[in-house]
Amino acid sequence: PPPPPTSLNPTRHPGRHPPSAPLHQSHAALYLHAALETAKNPISFFWLFSSIAVYGSPAQTNYSASNAMLDGLARHRRAIGLPGTSIQWGAWAEAGMAAQLDAINRKRMFDGPMPPVSTKDMLSGFERGIATDMPTFACFKYNPEVREGWDGTGPDGMGPDGTGWDRMGPDGTG
């Protein structure tokens, strides 16, 4: 089992930042998993809400790692015959962090490669994902027209020949 929730706190670690909420989230999931392993009343589902931040999120490595742990816990539970599903959510358009953005950042996000998704579409994605019975799945929108600064490259950053070299200049720079 994970360390007790009180083991990482500002009192025991003076001068350091207190643990982030995602750290508490992953510890809570581990505690719940451990408690349910000893319970005599088995459950029929165990849903964990993760984030597409597991694929990398600038300046949020703790958030990415915590969400990756949730995904791993869902896979672990499935591997030992227990229910477990981790949903990697993208940005919600009408709720959550994306809905709280100021106008400039909101426009930037909506114009970006992974724009926020309506609640209706997120719930539809959730229903479809649950129906697959996979231990993890993601609900997000991808905007393939956005090339993240590289003209003529595909969504994986590679050019038509698959190497990525076609976007480099004669001096070897992009």
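Values in this document were obtained by computation on a predicted structure and should not be read as measured data.

(A) Looking closely at helix α2 (residues 61-79). If you check α2, its first and last C-alpha atoms are 26 Å apart, about what 19 residues at 1.5 Å a residue would give, namely 27 Å. All of the buried residues in α2 are Ser64, Ser66, Asn67, Leu70, Asp71, Leu73, Ala74 and Arg77. Downstream of α2 by a residue or two, Gly81 has a phi angle that is positive, lying close to 85 degrees.

(B) Molecular detail of the side chain of Asn67. Take Asn67: it is sitting in helix α2. A relative accessible area of 2% places Asn67 in the buried class. Once residues lying within four places of it in the same chain are set aside, the contact partners of Asn67 are Gln25, Phe49, Ser50, Ser51 and Val54.

(C) Highlighting the environment of Gln25. Take Gln25: it is sitting in helix α1 (residues 21-38). We classify Gln25 as partly exposed; its relative accessible area is 30%. In the structure, Gln25 is positioned 44 residues away from Met69 in sequence and 9.8 Å away in space, judged by C-alpha atoms. In contact with Gln25, not counting residues within four places along its chain, are Phe49, Asn67 and Leu70. Of the polar contacts made by the side chain of Gln25, one reaches the backbone oxygen of Phe49; its length is 3.2 Å.

Rules of the game
Residues numbered from 1 in each chain as written. Predicted model: local features only at pLDDT ≥ 70, side-chain atom pairs only at ≥ 80, totals over all residues. Heavy atoms only, no water. Helix = DSSP H or I, 4+ residues; strand = E, 2+ residues; numbered from the N terminus. Expected span 1.5 Å × (residues − 1). Buried < 20%, exposed > 50% of the residue type's maximum accessible area, 1.4 Å probe, protein only. Contact = heavy atoms within 4.5 Å. Polar contact = N/O pair within 3.5 Å; in protein donor to acceptor, adjacent residues only side chain to side chain.

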